[in-house]
Amino acid sequence: MRTNQHPVVTTHRIADWLWCGLHLARWLPTWKRYDPDYRPRDAAPVFVSARTAAAMIPDGAVVAGAGLGAHGRASTLYFAIRDRYRARRHPAGLTWIHCGGAGGRGRLPGTLDDLAEPGLLDTVITAHTQTVPALRHLGAAGDLRLHLLPQGVLSLLIEAQAQGVSTQRTSVGVGTFMDTRVGPGSALCPGSGRSLAEPDGDALRYRLPLIDVGLFFAPWADREGNVYFEGAACLTEMHDIAMAARANGGKVVVMVAGILSDSERPCAPALPASAIDAIVVSRRGEQTASVPQLRQWNCFLPGTDPGTRRMLDRIDILDRILGTAPARGRADHAVARLAATLLLAHIRRGEIVNIGTGLPEVVARVLADSDAADEFCFSLESGVLGGIPAPGGMFGAALSPRSLHSSSWMFHRYRTDLAVACLGMLEFDRDGNVNVSRTEPGVANSIGPGGFIDITDGARTIIFVGSWRHGGSCEVNGGRIRIKPVGSPKLVARVREITFNGRIARRRGKTVYYVTTVGAFRLDEHGLTLTHIMPGIDIARDILTVDPTIAVPVGGPIRIGSEITTGQGFRLPDHLPPPEIGRATSGPAEQVESGPSPVIAGSPEPRP
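Residues numbered from 1 in each chain as written. Predicted model: local features only at pLDDT ≥ 70, side-chain atom pairs only at ≥ 80, totals over all residues. Heavy atoms only, no water.

Topic: the overall build of the protein
No. 1: Helices and strands together make up the secondary structure of the protein, namely 14 helices and 32 strands.
No. 2: Since a compact globule built from 608 residues should have a radius of gyration of about 25 Å, the 24 Å found for the protein is in line with a globular shape.
No. 3: Each principal axis of the C-alpha distribution contributes one length, and for the protein these read about 80 × 55 × 50 Å.
No. 4: Counting across all 608 residues of the protein, residues that qualify as buried make up 60%.
No. 5: Nonlocal contacts in the protein, meaning residues at least 24 apart in sequence, comprise 75% of its contacts between residues at least 6 apart. (Helix = DSSP H or I, 4+ residues; strand = E, 2+ residues; numbered from the N terminus. Rg over C-alpha atoms; globule rule 2.2 N^0.38 Å. Buried < 20%, exposed > 50% of the residue type's maximum accessible area, 1.4 Å probe, protein only. Contact = heavy atoms within 4.5 Å.)

What to know about the sheet that holds strand β2 (residues 94-98)
No. 1: Strand order in this open sheet of seven strands is β4-β3-β2-β1-β8-β11-β13, and the pairing throughout is parallel. The strands lining the two open edges of the sheet, one partner per strand, are β4 (145-148) and β13 (278-281). Strand-to-strand twist in this sheet, taken as the mean axis angle between neighbours without regard to direction, amounts to 15 degrees.
No. 2: Across four bridges, the pairing between strand β1 (residues 62-65) and β2 is parallel. Bridge pairing in β2 links G65 to H98.
No. 3: On the sheet, helix α3 (residues 75-88) packs against β2, β8 (213-217), β11 (251-256) and β13 and is oriented at approximately 120 degrees with respect to β11.
No. 4: Against the sheet, helix α6 (residues 238-247) engages β1, β8 and β11, with an angle of about 155 degrees to β8. (Pairing = 2+ DSSP bridges. Axes fitted to C-alpha atoms, helices over the stretch in contact; angles between N-to-C directions.)

Looking at helix α1 (residues 11-27)
No. 1: An ideal rise of 1.5 Å per residue puts 24 Å on 17 residues; α1 measures up with 25 Å between its terminal C-alpha atoms.
No. 2: All buried positions along α1 are accounted for by R13, D16, C20, H23, L24 and W27. Seen end-on, α1 carries its buried residues on one side only, within an arc spanning 90 degrees. The exposed set on the far side of α1, more than 90 degrees from its buried face, consists of T11, L18, L22 and R26.
No. 3: Elements in contact with the buried residues of α1: β14 (286-288), β15 (291-292) and α7 (308-322). (Expected span 1.5 Å × (residues − 1). Arc of directions from axis to C-beta.)

Considerations on the pairing of strand β5 (residues 167-170)
No. 1: Burial of β5 is one-sided: the residues Q168 and T170 facing one way are buried, the residues T167 and R169 facing the other way are not.
No. 2: Here β5 pairs with strand β7 (residues 203-207) via four bridges, running antiparallel. Opposite R169, over in β7, you have R205 as the bridge partner.

A closer look at the domain arrangement of the protein
Accessible area lost upon the coming together of the parts serves often as the stated size of an interface.
No. 1: Taken as a whole, the protein is organised into domain 1 (50-271) and domain 2 (308-566).
No. 2: On a C-alpha basis, the centroid separation for the pair domain 1 and domain 2 is 29 Å.
No. 3: Surface buried jointly by domain 1 and domain 2 totals about 3,000 Å² across both partners, of which 59% is contributed by carbon and sulfur atoms.
No. 4: The tally of links from domain 1 across to domain 2 stands at zero salt bridges.
No. 5: Our count for the contact surface shared by domain 1 and domain 2 stands at 22 residue pairs in polar contact (both at pLDDT 80 or more).
No. 6: Listed by contribution, the elements that provide at least two residues to the side of domain 1 that touches domain 2 are α4 (133-140), β4, α5 (151-161) and β5. (Domains from an automatic or database assignment. Buried area = accessible area lost by both parts, 1.4 Å probe. Salt bridge = Lys/Arg side-chain N within 4 Å of Asp/Glu carboxyl O. Polar contact = N/O pair within 3.5 Å; in protein donor to acceptor, adjacent residues only side chain to side chain.)

Overview of the packing of α1 against α7
Axis angle and axis distance: for two packed helices, these are the angle between their axes and the distance between the axes, and together they describe the pair.
No. 1: Remark: α1 packs on α7, axes separated minimally by 9 Å, with the N-to-C direction vectors making an angle of 55 degrees. By the angle class used here, α1 and α7 are oblique. The crossing of α1 and α7 is right-handed. Residues H12, R13, A15, D16, W17, W19, C20, H23, L24 and W27 of α1 lie in contact with α7, whose contacting residues are R310, D313, R314, I317, L318, R320, I321 and L322.
No. 2: Its residues assigned to classes, the contact of α1 with α7 comprises ten nonpolar, two polar and six charged. (Parallel < 35°, antiparallel > 145°, perpendicular 65-115°, else oblique. Left-handed = near helix turned anticlockwise from the far one by under 90°. Nonpolar A, V, L, I, M, F, W, Y, C, P; charged D, E, K, R; others polar.)

Re the packing of aromatic side chains
No. 1: All told, the structure shown has 13 aromatic pairs when counted by the stated rule.
No. 2: Aromatic pair W19 and W297: ring centres 5.7 Å apart, planes at 45 degrees, arrangement tilted. Of this pair, W19 sits in helix α1 while W297 is found in the loop between β15 and α7, placing the two residues 278 residues apart along the sequence.
No. 3: For W19, a relative accessible area of 28% corresponds to the partly exposed category.
No. 4: Members of the aromatic cluster, connected to one another through ring pairs, are F428, F452, F464, W468, F500, Y514 and F521. (Phe/Tyr/Trp six-rings, centres within 6.5 Å; stacked < 30°, edge-to-face > 60°.)

Below you can see the structure in the form of structure tokens.
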């Protein structure tokens, strides 16, 4: 077991707080600034101002954007489109496609929320709505059509358009709210029209309108107009969007942070100049929120290890200052240790693990401190393979990753090669169903599925993690957990919306756990069985009063030791079993097939 523990207040810790404070002090005063008329001197005709690029988008166009969360935001283009619409009422009636959450939760400017002007957008198709409250409110008011699709399905639909295919038939989403035999389908609000997901026998058929304009941020261009992805924290859908727009006879508009000299250019561009219609240069382009691409963090790039653990601690501090991630208590860390223990019991050497956002990020930190971490491979739906997943507001990137791929590449892998997924949950029920996509009724309370539906469809083993009660609290004292009966239980008779279907998972032979502050439950043919119980928890008082149908094994569940609740003496296995013969593994980076889209497996030189 590695000895890297979260630091106490030391000289380094104080220095990290000061560093983060100065970092944000330099960023915050500039985050809304942009120059709509800047164009590099003596540049090729493909280089235009942001104002000119916005004028290239016709009314009624279908626009697709790339990026996930805070990564790869085409902020200058968003500002320019918004301001042109305010001044001229054009472009109007756009359909906007975006796979990952691309909002700022009402706080960060330069996101899709800046396009929340009535009439500018007619339809938004996305996988995640939690971070775009302004768009949700437009939908609730009847001023915007909103559609949700699973992130993997959406990314693969975009990829398919380059081959002239506009629909996809798949098992992903069957039995969830995407399936109109179970829920509302893709349409999030009244008036959004026909669902983009419809039953087709024992599967669903998804469709997507043809992309007219691809619009995204990439790190660099050269003077000839070739575009480069080196330096990006994740690649997401950049390449696929450009290829789809070109195949459909549309336009590709790219925002970059700078122009590379001949000596700085990598061997080959990710996109040739012949595939680009317009390039906008904005020196304020960011690798991720608060990190200018011109001062990129190389810790997000393959082949680097510049103080990974310390950078994780700094990201934690930034999240605490900005409020982009909740503070985690001792009970959360107990859940993470139990989940990490179960995860390693269900994985073999070289296999792939997906880590979700929220409490699963704590599980990743526990796993990263084990010697076994070198024997399996973390992955993210943004296309990042290997490394340690970045937490909080920088979710979607990883520190010291093995390689970067497109989102579609990763979702292809998930459909065949995903060993374990560790994901959060809003609520679960006695049938094993899980809801992560909705907090309350109404458009404004929709979160969206993100990649959750695709990931759970592909994973062999799924470990859900969460607290036992909403808004409740528990004490960890002397290694024992005491649940305070405050807040509603997360275990309910029936979930508000089915994002994961337990019955179908059982039928397909998946192994499923639900790890909470009272212990762990396993899904079997009878429903939920209590397999592990935390010290201090009383089965009758704390569990069966919530749901008396929970099965308790003869002889009782496994009683967890205090090393899980306190961390003292906690140790994960040093090694994993060898891979099964014939089963795919992650393999070395140079052996991973990248398909038609770019793969970045080496670290470029840092920018001056």
